[in-house]
Each structure stands twice: as structure tokens, then as C-alpha cells.
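# Fold and geometry: a report
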Amino acid sequence: MKIAQVYINQLNIHLDRLFDYLVPKHLESQVIPGSRVVVPFGFGNKSIDALVWDLKSPPSDSSKLKSILGVVEHFPVLDHQQLKTCRFLQQVHHSLFMDVANAFYPGPIQIRKHKDSNGVLRYYVGQKDRESWLWKISQRNPNQTLEQLLSTVRSNATVQREILTLLWESPIEEAVLTARFRGVKKTLESLRSAGFLEKHRMKSMELEDPGPLEVQGAPRLTEAQQQILEDFEKGFQQTHLIHGVTGSGKTEVYLHMMEAALKKDKTCLYLVPEISLTPQTIHRVKARFGQEIAVIHSRISDGERLEQYKKIATKEIRIIVGARSAILSPFQDLGLIVIDEEHENTYKSSNRPRFDTVSLAQEIARLHGAKVVLGSATPSIGTYYLAKNGQYGFHRLPDRMNGQDMPASLVVDMRVELQSGNRSFLSRTLYASMREALKRKEQIILFLNKRGYFSYVFCRDCGYVVKCKQCDVTMTYHGEDNRLECHYCKATAPVQHQCPACGSRKMKYSGTGTERMQNMLQKYFPHATVLRMDTDSMKKKDAIADAVEDFTLGKADILLGTQMVTKGFDFENVTLVGVLLADLTLNFPDYRSSERTFQLITQVAGRAGRGNKKGNVVIQTYEPDHYAITHAQQHDYEGFYEKEVAYRKMNRYPPFSTLMYIGFSGNDEKEVAKECSEYHRLLSAEVTKTDPSLVFEAYPPSKSNIVRVNNKYRYYILIKTEHVDAFQEAIHHVQRSKETKQFKSTIFVDVNPNFIF
DNA sequence: AGCACGCCGACT
DNA sequence: GTCGGCGTGCTC
């Protein structure tokens, strides 16, 4: 008899290991690695679903083992590569095996259970597509008023009346209604059968229909592009970096590489940092290949996701475009993974399952014998380091496609501005350049990395600063809803005219965000139209796509925004880019703040001069001599890299070490602090078994920079090490130990985290 | 996680 | 004398 080693589908660290079960004779042909089975588990032998990892021959004594009860479906849901991927993330990012496994298949394929007519528990794979529904008032009597409608409903049916009143305003999604009223489904259905309401199937979050597709042939490549394709073909490395300045035609190279892979009957994955910011790219891929492609991101409906999943699994679709979650697709014969804008931090998943897309893509490519292509104008330091050292194939595109030079950049020292009496946010240089550009009917992009109107409120008498009730964070004033908002927990508070500490009425609002800047710009340039682009103004569905279209059509002269405006947009008429305050990212307490600043400035500068007119960039800062700023001004990636890599080497930061962050959070600060220290002690003891000197690489427990968020207190342990394996093993062990099981704090491990605080 | 077992306190 | 609190330990 065979033994199956399975993972139990119960997301708990203490069950994140293999369990052995006997395979009954009649199931032998169906129980294979990747199959989902139902097994008895625990004292009560409760049935639970599990995933088969492997089969083995029984040891001499198998009397203790229980038997598999049945299979969920008679084919494996995960193939060999996918199983390996689960194991990889389990080891490298401390994910739960089943967390990754569950992320591989769409919601509708997740296992459900129900009792059949005999009261027997049955497992099945729910095929029902969790569609969203839109509810609206029935159009039976078009001339009816709300009052007339309500008069036909019982006066004590308060919920029904409230719903009708709400829907009278506008149709509402079912999910929104159920979130608001408990058990509203029955009410809605009865209102529907009474003829008051109707519901419509809604396709959630679909990208705009690009209109009829005209398949475009491949344009002629430049010599430099052609050369890259040849080198790539010949290159022995698995991973390749294309370092190409903004507007150098990297996309065209990717498309050619994909074409070559498709010709070999392989599948391609094209990853972008954020789907909603890259409609232009998706349209280009579609237009080029003229065949069905899958577009995957975390906001597509379950139904759509299931459909794409099936088509990818059967190789009906061979081109997949998507955000990072697309890396967990059921690839068949994968030949190429393209990761565009490789440096973007959206590629790091800091939710479960945690992973970083680049290293995961490399692992998946290795399993499939595929290649990985990373592209960026501002590669991350780690990537560039490996490329320079020959571990990656290294290709460059130093020139812009349109033959234009890189835009001319000017750094403005805001201290000098201040000394000469200009206290506004626009330096005289930037103001003059803007006037010039507007006069020539050219467009402008302004980047300010701070949203809201005023960024904080304080009392001029006692110095009290208004903070969020549940976080140690100052609150930002938002003019549009005339409220204070916490940017950490989204809580809001009314505007305060009186100091809660001393009663003084001298409350001062200070610090400029995008909202206020928009107002000021409108005053300085009354004839110009300012379009604001930040998470506040772009909340509505399709808002970004609409804004991009409006700006392309010239409906606005100035595009003002946060990080969003630095992403790969391509507006031909933009000739001036202004960075309003480069210091905001520069002073961020993180070892990568220089890297981020350089990337942001270079990327946003790259939006200028993409058409046939030359671009100009003005960078405002209080630290004009900082190397991130001076090298960004000169478009000198290499120079910046040299300085940055020296700094990293000296301080043993990545890529010369690996950082591991172990976070603790809980309601009682003392307890969190105590458990964090205890964990540190356990970890030190564990890692000492390998090498006592390693103890010093785990920094002692610290308070987070912002200790309290959402009323939870946060502490952390940071590990900076060259001995990754020793720490991975030690953490793995401590995480599963008896001692930490008693902990009340939530613990999470984040390897190479995006932010440290 | 989810469940059984076990060892204490406060009830009929 | 018993019911039930939750701390402790285990799940093939």
C-alpha cells in the first residue's frame, strides 16, 4: 500500500508541514502529487481537504496511519512546477504552503462543502461564478415619484423604505448593500418579486474596451534593438536586464522576444507594475498579436478569472499580461517572463502570500526552462549589481527613439529662494518656465509626493498637534470633504477650531499637499486648467484611464500629482516637468531613500520631451548637492549607481546582505514588547547552534517608528545577514515552536521588505 | 486553527 | 457533588 504525504488545508503555521495517510486501493490511480483529497484529521477525525505533495512507500510500521477518504476531483489541480513553487515560497518567504497553493487557483475552484440529503458531508469544487449584481428601481412606472413609490410600501417596513430611497438616487451594487444592511438579500429578493426592483448582472472592474483592434505589424527595429535581440538569443544567462533610458523603445524589444517565444510554441508572461496605469501597454500587446490574451490583476471578477485560468491551463491562451498576481498562473510550456519597470516596489507582495516577483519569476523560469527579462530606465541597485557582475545578461538602450536628447534639467536651491523672500512653493525659475510652456500651448507635469490640503494642524499657543485617535500619526486636512484624515488607518475627524489641549482658538493649518497646490496653481495661472492625479481624486472606477485620455486630448494644461504621475505615461505634448519638493522622498527613513529619489526624479523627468519638442525639467530641493539629485539632473545612472553601491557595501546593505524583518503587533504594548524580546532570545539561541557569531546580526527588538496604528502596537526584529540559510532555518524553527504558539501578538516575517519602520 | 483533556473555582 | 472556566498539547 502507498502512503500519501499531504498538506492540510488549514492555514496555520503549526500545520504547515506534511502528514502521512494511507492510500486506499481503489483511489490509487487518482491520488497523485497535486491532487486534492479529503482526509480525517485530529481527535474527532473531522473531514478536511488536503493537497497531496508526494507519494512514498510505507515504513515497516504504518499501523498508526489513517486513510484518505476520497478525492475532490480526479485530476491534480497543481502540477509539478506549481508544487515546487509553493515549497519555494514556504522556505524563502515563510509563506504557508497552502496559502500559496490556494493563490494558484481562482476563488470558484476553491473547495466548498455541504451536507447532502443523507446528512453526509460532501466536498465539491464550486463552479458557481460569484457574479456581482447591480440593483436598481424597476422601470415599470417611469413617471412615478419617490413619494408615490413609498406610499405603496408598508409604513413600518423601514429597511425596505430605506433601500428604495437609496436606490432611487442611483443603482447600487449588491455587495455595497449587504455590507450596509444585515441580511438584506431576502429583502432585495422580495422587493424584486413584488416588482419594485430589478437586478442586473455586472461585470466588475473591466478594462476599457479599446475598440476594434487593428493588428499592427512589427515596426523596423533600430540597430541597438536588433543587437539586443541577437545577444539575448545567444546569451547563456537565464535572466537578462535591459537598461534603457525613458522612451528608448524597450517595449518593442519585449514584443519581439515574445514573438520569438510564441514561434517556438511557448507561453509568455508580461508583467507590469500596475494594470490601471498601463492601459497603453496592454493595448499595444493586444494590437500586436491580434489573438486572445489574458489580462490578470487582483480586481477582475471571479468569473472572468476562472475563464482565463482555464484557458491558460489548457494553453488556449499563450500570452498573459498582468500585475504581480499573474505570476501565480497555471503556465504551460512557459518560455519567457518579461518584467517591465523592474524597480517598482509594487512587485513585492507584502500581503499573504508574501513574495517578490523578480526572484519568484526566476524560480518559476528555472522550473520551466524559461528566460526572464527585466527592463527599466532606473534598475534597482540589486539588479544592476548582478548585471554588471555578469550574472545577468546585460543590454543597454542609451538613446531615445525620437532622436531627442534627454530633457535639460535644472536644480533649484529652495534655500536661496527663501532667502530672497520667495516663500511660495514655486521657485521663480519654475514659475517662469511654466509661463513659457503655457504660452507655447505645451503641457506640464508637476510632481508633489504628498496628498491632502494641509498636511498637519497644530496649536500656536501650546504646540499641540492633532493626531489620529487610534494611531500615532498626525492628521491631514482634506479640503474636498472638509475633514481631517489619518493616512494610516483612513479614520476621519471633524475640523478643529479650538485646541483640545489648551482651549486656544489659534489653530494653524500647515504643510502643502496636492489639493492645496492645485488651488495655488489655479491662482497663479488663472487661464490654465489643472488636472490633479492622486489616490483621492482617482478613486472612481476608470478615473485614471479618463484622466490619461483627457490629458492626451489636451483638455488640461497642467497635470499635478503624487507618485502616480511618474509612471510610464507617454504624452507627446509635455515639455516641462517640475519636481516640487524632491526632499520628501529623500528624507524618508529607509536605506533605499536615495535610490527611490533618483528613480522618481528620473522617471518623472522621462515624461518630458517624448514628442518632437525638447523637454525641460526643474527640480526644487533644499539639498541640491545630494548625489541622488545631482546625478538625476545629469541623467547619470552609472554615476549614481557607483556612489550608491559604495554606500551599500560600506554599510552591508543589500545586495551585500539580506534583510529580514520580523514584525509583532498586538493590543497590549507591554505584551508585544515582551514577546518580541522573547522571540529574539529564542532566535538567538537557535541560530547559535549554527554559529554563535551570527547572534549579532539580529538587531535587538525595537519599537516601530510609528508604534501605534489602528490601536495595535508594533515592534520588530531586524536581521541583516550574509548567512541567509542559517537564519531562514532558525526562523522556520522558532515560528513553529511551542513557545511562540502561546504568543498573543501577530507575528509576520518579511524577507527584503519594502519598508522598514 | 480546532478540539480534547485536565485541573481549579462557584454553583444547584 | 457537578458544571464550566480556559491553559496546554496534539493533529499522520
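Predicted model only: the values in this text are computed from it and were never measured.

## Side note on the protein's contact with DNA strand B
- Neighbouring DNA strand B are Q10, N12, L15, F43, K46 and K741.
- Expressed as a percentage, the sugar and phosphate content of the atoms of DNA strand B within 4 Å of the protein is 47%.
- Interatomic distance of 2.5 Å between a side-chain N/O atom of N12 and a phosphate oxygen of DNA strand B.
- One of the side-chain nitrogen or oxygen atoms of K741 is found 3.0 Å away from a base oxygen of DNA strand B.
- In terms of residue class, the surface near DNA strand B is built from two nonpolar, two polar and two charged.

## Regarding the protein's contact with DNA strand C
- In the vicinity of DNA strand C, the residues found are L15, R17, F19, D20, Y21, F41, G42, F43, L65, K66 and K741.
- Among atoms of DNA strand C positioned within 4 Å of the protein, sugar and phosphate together represent 42%.
- The side chain of Y21 places a nitrogen or oxygen atom 3.1 Å from a phosphate oxygen of DNA strand C.
- Here G42 contributes a backbone N or O atom positioned 3.4 Å from a sugar or linking oxygen of DNA strand C.
- Top contributing element to the surface near DNA strand C by residue count: strand β2 (residues 19-22), with three residues.
- Across the surface near DNA strand C, the residue classes break down as six nonpolar, one polar and four charged.

## Examining the pairing of strand β32 (residues 658-666)
- Counting buried residues in β32 gives nine out of nine residues, a clear majority hidden from the surface.
- Residue alternation in β32 divides its side chains into two sets, T658, M660, I662, F664 and G666 and L659, Y661, G663 and S665, and both sets are buried.
- Sheet topology places β32 next to strand β34 (residues 712-721); nine bridges connect them, and they run antiparallel. Bridging across to β34, G663 finds its partner in Y716.
- Of the pairings in the sheet, the one linking β32 to strand β35 (residues 746-751) comprises six bridges and is antiparallel in character. Within β35, the residue paired with M660 across the bridge is V751.

## Structural notes on the side chain of T575
- Considering the arrangement of structural elements, one finds T575 in strand β30 (residues 574-579).
- Of the polar contacts made by the side chain of T575, one reaches the side chain of E442; its length is 2.7 Å.
- Residues contacting T575, with those up to four places away along its chain left out, are A437, R440, E442, Q443, A608, G609, K613, K614, G615 and N616.

## Considering the domain arrangement of chain A
- When its domains are assigned, chain A resolves into domain 1 (2-126), domain 2 (132-202), domain 3 (211-397), domain 4 (408-451 + 513-586 + 597-637) and domain 5 (658-751).
- Once you take the C-alpha centre of each, domain 4 and domain 5 turn out to be 42 Å apart.

## Points about the nonpolar core
- Formed by 86 residues in total, the largest nonpolar core has its most connected members in L78, L269, I327, I337, I445 and M533.
- For M533, the contacting residues outside a window of four places in its chain are M538, I544, A547, V548, L559, L560, G561, T562, M564, V565 and F569.
- Judged by nonpolar contacts, the second largest core, of 28 residues, contains L229, F232, A261 and C268.

## Quick word on unusual backbone geometry
- R352 connects to P353 through a cis peptide bond whose omega is -10 degrees.
- Considering the arrangement of structural elements, one finds P353 in the loop between β17 (348-349) and β18 (355-356).
- With omega at 10 degrees, the peptide bond leading from P654 into P655 counts as cis.
- Positive phi outside glycine occurs at D265, with the angle close to 65 degrees.

## Points about the side chain of S380
- Locating S380 in the fold gives a position in the loop between β19 (371-376) and α12 (381-388).
- Looking at S380, its side chain comes within polar contact range of the side chain of T383, at 3.0 Å.
- Residues contacting S380, with those up to four places away along its chain left out, are E342, H343, E595, Q599 and Y637.

## Structural notes on the packing of helix α8 (residues 250-263) against helix α9 (residues 279-289)
- Axis separation between α8 and α9 bottoms out at 11 Å; the angle between their running directions is 40 degrees. By the criterion of interaxial angle, the relationship of α8 to α9 is oblique. Pair α8 / α9 crosses with right-handed handedness. Every residue of α9 that contacts α8 at T251, E252, L255, H256, M258, E259 and L262 is listed here: R284, V285, R288 and F289.
- In terms of residue class, the contact of α8 with α9 is built from five nonpolar, two polar and four charged.

## Concerning the UniProt feature "domain: Helicase C-terminal" (unreviewed entry) in chain A
- Mapped onto the present numbering, the UniProt feature "domain: Helicase C-terminal" (unreviewed entry) falls at residues 494-651.
- Along residues 494-651, the helical share is 37% and the strand share 17%, with 45 Å between the first and last C-alpha atoms.

## With respect to the sheet that holds strand β5 (residues 66-67)
- Taking strand neighbours across the sheet as the criterion, the six strands line up as β5-β2-β1-β4-β3-β6 in an open arrangement whose pairing is mixed. In the strand order of this sheet, the two ends are held by β5 and β6 (70-71), each with one partner.
- Pairing geometry for β2 and β5, over two bridges, is parallel. What sits directly across from Y21, in β5, is K66.
- In the packing of helix α1 (residues 80-92) onto the sheet, the strands contacted are β1 (3-8) and β4 (46-56), and the crossing angle to β4 comes to about 100 degrees.

Here is what the cut-offs are and how they apply
- Residues numbered from 1 in each chain as written.
- Chains lettered and ligands numbered in written order.
- Predicted model: local features only at pLDDT ≥ 70, side-chain atom pairs only at ≥ 80, totals over all residues.
- Heavy atoms only, no water.
- Near = heavy atom within 4 Å.
- Polar contact = N/O pair within 3.5 Å; in protein donor to acceptor, adjacent residues only side chain to side chain.
- Nonpolar A, V, L, I, M, F, W, Y, C, P; charged D, E, K, R; others polar.
- Helix = DSSP H or I, 4+ residues; strand = E, 2+ residues; numbered from the N terminus.
- Buried < 20%, exposed > 50% of the residue type's maximum accessible area, 1.4 Å probe, protein only.
- Pairing = 2+ DSSP bridges.
- Contact = heavy atoms within 4.5 Å.
- Domains from an automatic or database assignment.
- Core = buried A, V, L, I, M, F, W, Y, C linked by side-chain atoms within 4.5 Å.
- Axes fitted to C-alpha atoms, helices over the stretch in contact; angles between N-to-C directions.
- Parallel < 35°, antiparallel > 145°, perpendicular 65-115°, else oblique.
- Left-handed = near helix turned anticlockwise from the far one by under 90°.
- UniProt positions renumbered as here; feature names shortened; annotations may be inferred.

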